[in-house]
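What follows is the residue order along each chain.
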Amino acid sequence: MDNRYRRDHGMAYFSDESVMAEQMETKKLIREYNQVMPFEPEKGMECLNKTGMVHGKSVYFEPPFHCEYGSHITLGENFYANTGCIMLDVGKITIGKNVLFGPNVAIYTAGHPIHPDSRNSGYEYGIPVTIGDNVWIGGSCVILPGVKIGNNAVIGAGSVVTKDIPDNVCAAGNPCKVIREITEEDRPYYYKKQRFDDEVWKKINE
């Protein structure tokens, strides 16, 4: 088995010349994306498409953005990532629709062995990360390999997500833990106990 096959099947792999060549092509495209966005969106989207990234309508990364391959990323429609997003997509990253990232969100599918002898061999791995629909990830969050975040979840700023997060909850902390469930009682509020005014509330309910 070659190292690209091993990498793409969740096995230990070594970053040989063929692996690095793939990364170099993507780095060129992402560098161009960061240079032309947001002023030349057609060119920017062309760069993302050339990486092999799969995405729905209305997808945007505020520059600078970084990924390893692009082809290991699948995004649903209405995705927005604020500045400084990092996706180490050695493993597959799958993100649903209507997802928001604050600044400096990092998804790490890549990792290295714990034992120093194994780590010094140069072998590494990538384990997939999955994020559901209607999720908001606060600024400066880190999501570690193998994590699944459920639909409608909110992850508080600065969290380090080490384990799965279920649907319909607010979670935060290092390590990230569930704080409470999201309910219908939350719907009329835009920030803590500040309610939407009548004009906005009418539009939300149209």
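Below or above, wherever it landed, is the structure these notes cover. Nothing here was measured: the structure is a model prediction, and the numbers come from that model.

### Concerning the sheet that holds strand E19 (residues 169-172)
Reading across the sheet, the seven strands line up as E3-E6-E9-E14-E17-E19-E20 and stay open at both edges, with mixed pairing between neighbours. The two strands at the open ends of the sheet, each matched to only one other strand, are strand E3 (59-61) and strand E20 (177-181). Direction of pairing for strand E9 (residues 99-101) relative to strand E14 (residues 136-137): parallel, over a ladder of two bridges. By the bridge assignment for E14, Phe101 is matched with Ile137.

### Digging into the layout of surface pockets
Quantified by volume, the largest pocket comes out at close to 940 Å³. Lining the largest pocket are 28 residues, with Trp136, Val154, Cys170, Arg180 and Ile182 sitting closest to its centre. Elements represented by at least two residues in the lining of the largest pocket include exactly strand E17 (154-155), E19, E20 and strand E21 (189-191). Considering only residue class, the lining of the largest pocket consists of 15 nonpolar, eight polar and five charged.

### Concerning the pattern of salt bridges
As enumerated under the stated definition, the model contains nine salt bridges in all. Where Glu40 meets Lys43, a salt bridge forms, and the shortest distance between an N and an O atom there is 3.1 Å. Taking relative accessible area as the criterion, Glu40 reaches 34% and is therefore assigned partly exposed. Put simply, Glu199 and Lys203 hold a salt bridge, and the shortest N to O gap is 3.9 Å. Of the two residues, Glu199 and Lys203 both sit in helix H5 (residues 198-204), four residues apart, roughly one turn of that helix. Residue Glu199 shares its accessibility class with Lys203, and that shared class is exposed. Among the charged side chains, a salt-bridge network with shared partners connects Arg4, Arg7, Asp8 and Glu22.

So, how was this worked out
Residues numbered from 1 in each chain as written. Predicted model: local features only at pLDDT ≥ 70, side-chain atom pairs only at ≥ 80, totals over all residues. Heavy atoms only, no water. Pairing = 2+ DSSP bridges. Helix = DSSP H or I, 4+ residues; strand = E, 2+ residues; numbered from the N terminus. 1 Å grid on protein atoms, 1.4 Å probe; cavity = no way out; pocket = protein on both sides within 12 Å on 5 of 7 lines; lining within 4 Å. Points joined across faces, edges and corners; volume = space filled by probe spheres on them. Nonpolar A, V, L, I, M, F, W, Y, C, P; charged D, E, K, R; others polar. Salt bridge = Lys/Arg side-chain N within 4 Å of Asp/Glu carboxyl O. Buried < 20%, exposed > 50% of the residue type's maximum accessible area, 1.4 Å probe, protein only.

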